[in-house]
Amino acid sequence: MKWSLKQSTSAQAEVTEDLAPEASGHIATPTKVTDTVPAEVATGRSSNRMLELKVGIHHALLDRINLSSLDKISREELRKGIGEIVAELLIEKDEILNRTEREELVSDILDELFGLGPLEPLLQDEDVTDILVNGPSSVFVERFGILEKVRTEFKDERHLMRIIQKIVSAVGRRVDESSPFVDARLADGSRVNAIVAPLAIDGSLLSIRKFAKKKIGIDRLVELGSMPEPMAEVLSAVVKSRRNVLISGGTGSGKTTMLNALSSFIDQKHRIVTIEDSAELQLQQDHVARLETRPPNIEGRGEVTQRDLVKNALRMRPDRIIVGEVRAGEAFDMLQAMNTGHDGSMTTIHANTARDSLSRLEQMIGMSGIDITSKSSRAQIASAINVVLQVGRLSDGRRKVLSLSEITGMEGDVVTMQDIFQFRIRDRTEDGQVVGEHEATGIRPKFLEHAKAAGINLPSELFRTDVRLS
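Each value, and the rule that gives it
Residues numbered from 1 in each chain as written. Predicted model: local features only at pLDDT ≥ 70, side-chain atom pairs only at ≥ 80, totals over all residues. Heavy atoms only, no water. Salt bridge = Lys/Arg side-chain N within 4 Å of Asp/Glu carboxyl O. Helix = DSSP H or I, 4+ residues; strand = E, 2+ residues; numbered from the N terminus. Buried < 20%, exposed > 50% of the residue type's maximum accessible area, 1.4 Å probe, protein only. Contact = heavy atoms within 4.5 Å. Pairing = 2+ DSSP bridges. Axes fitted to C-alpha atoms, helices over the stretch in contact; angles between N-to-C directions. Core = buried A, V, L, I, M, F, W, Y, C linked by side-chain atoms within 4.5 Å.

How do you make sense of the pattern of salt bridges when you look at a structure like this?
Once the charged atoms of two side chains with opposite charge are near each other, the side chains can pair. Per the counting criterion, the structure on display carries 18 salt bridges. Arg426 is the partner of Glu437 in a salt bridge, and the nearest nitrogen-oxygen pair spans 3.4 Å. With Glu437 in strand S15 (residues 434-440) and Arg426 in strand S14 (residues 414-428), this residue pair connects regions lying 11 residues apart in the sequence. Arg426 sits in the partly exposed class, given a relative accessible area of 48%. The residue Glu439 makes a salt bridge to Arg426 at a minimum N-O spacing of 3.0 Å. Here Arg426 lies in strand S14 and Glu439 lies in strand S15, a separation of 13 residues in the sequence. Where salt bridges share partners, they join Arg424, Arg426, Glu437 and Glu439 into one cluster.

What am I meant to see in the environment of Ala237 here?
Following the sequence through the fold, Ala237 ends up in helix H9 (residues 229-240). Considering only alpha carbons, one finds Ala237 and Ala451, 214 residues apart in sequence, at a separation of 6.0 Å. In this view, Ala237 contacts Ala451, Ile456 and Leu458; residues no more than four positions away in its chain are not counted.

Before we go on, may I ask you to explain the sheet that holds strand S11 (residues 346-350) in this structure?
By definition, the strands of a sheet pair up through backbone hydrogen bonds, in either a parallel or an antiparallel sense. What the nine strands build is an open sheet, ordered S9-S8-S10-S11-S7-S12-S13-S14-S15; its pairing is mixed. Each end of this open sheet is capped by a strand with a single partner; those strands are strand S9 (288-292) and S15. Mean inter-strand twist for the sheet, computed between neighbouring axes without regard to direction, equals 25°. Sheet topology places S14 next to S15; seven bridges connect them, and they run antiparallel. Within the sheet, the bridge partner assigned to Phe423 lies in S15 and is His438.

I tried to follow unusual backbone geometry on my own but got confused; where do I start?
Leaving glycine out, the prevailing phi sign among residues is negative, and the prevailing peptide bond configuration is trans. Of note, the bond from Ala197 into Pro198 is cis; its omega dihedral lies within 30 degrees of zero at 10°. By secondary structure assignment, the location of Pro198 is in the loop between strand S5 (191-195) and strand S6 (205-209). For Phe144, which is not glycine, the phi dihedral falls at a positive 55°. Within the secondary structure, Phe144 sits in the loop between strand S2 (139-143) and strand S3 (146-150). Phi is positive for Arg317, which is not a glycine, with a value near 55°. Relative to the helices and strands, Arg317 resides in the loop between helix H11 (306-313) and strand S10 (320-323). Judged by relative accessible area, Arg317 falls into the exposed class, the value being 56%.

Looking at this structure, how should I read the nonpolar core?
Soluble globular proteins tend to pack their nonpolar side chains together in the buried interior. Met227, Val234, Met258, Leu262, Leu404 and Phe421 are the most contacted members of the largest nonpolar core, which has 39 residues in total. Those elements that provide at least two residues to this core are helix H8 (218-224), H9, strand S7 (245-249), helix H10 (255-263), strand S12 (387-393), strand S13 (399-411), S14 and helix H15 (448-453). The element that contributes the greatest number of residues to this core is H9, accounting for seven residues. If we ignore the near neighbours within four places in the chain, the residues touching Met258 are Leu221, Met227, Ile247, Leu389, Val391 and Val401. One finds Ala289, Leu291, Met338 and Val415 within the second-largest nonpolar core, a separate group that totals 30 residues.

Okay, structure coming up:
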């Protein structure tokens, strides 16, 4: 393969502008995270000398390659070809790099030209679940539920904006002063939110919730300690007996992960319609119809909301409807669907407790614009929702099922609910680890009758207070 293709002037200028050194001598060189860069590479060589070398290599490469002609070439072929050019250029410049430094240089070039630049190593790190960019020189990631600052940084605000524009343009969106915030999705399904000046004061803000490449099932959640096996057995019965489930929790508590895990118990014969703002669900059934909302265009037209999709889903002959997360008036339509023959439907909601989730549902019904009394709203909730699963992230970063509750009906104007399982915090270790355990409350849930009708017999020992669950 010949790698001496001359790049067009316009394309070269666009990339060169972001890679060129400023008066200060800084360039857009992706910096790897602290725990993945060998100390001798990070500190052993003169920093300024390496920066100058990388600038020179970048510019020399842009003189030799044509970016527009490389879209059909695999990344491995690109790596090999660019690696050969880099070796030649190093000889021309009389520079000596060890193998690790040379490989990192080639990776940096590939990431900058064909990926998301400094973010690429973080996107490839399977332990990273969230990437949070607070301006060009401040990047945090979440690993194992804990936020930590990393050494990744951008050259300047213009470089960061170029990466943001690359992300949003891929999905037909734009972000600028007239439209300063945007939601988008990467090719692998990761969810992206960006907000720029003038709303972002200290530099553009970029948040990436990475899409899990590996499907996490209930067995894996049990293995991780999110719930004990007896509770997983009960949840399996809840889904198989077609009880309607509301998963409640705070931001990053694992609601979508739990929804994905529970969906594995849905009968393969059922037709499932999923509705999401950003497609994240990874259902394992064959018969799944996936719907996603659409934001308004530049003229403010063409928006399709979750409520529009829920209404339309009722005409699609679904057995179950799964809404990724209810946020507004679609809650009313979702409850209507649960009350009109679509048993076994599921959704998630942002709330700190199971009881709070019912209050939030009531508020969302009010956002639908339908004239309905509070008592009627609560009656809709009580008849539609059967089980509320509260999930949370503990102070040590671990995610747990905090409670499994059953809605039993109405007493006057109050929706009645009883806890079946709870997670009780007992203590904390010196290193901050939370010590606690799941326990049954001793109440036998009413949904056992539905489980029995579905041919599922749960042993009564599961609900005894004197039986250790974990």
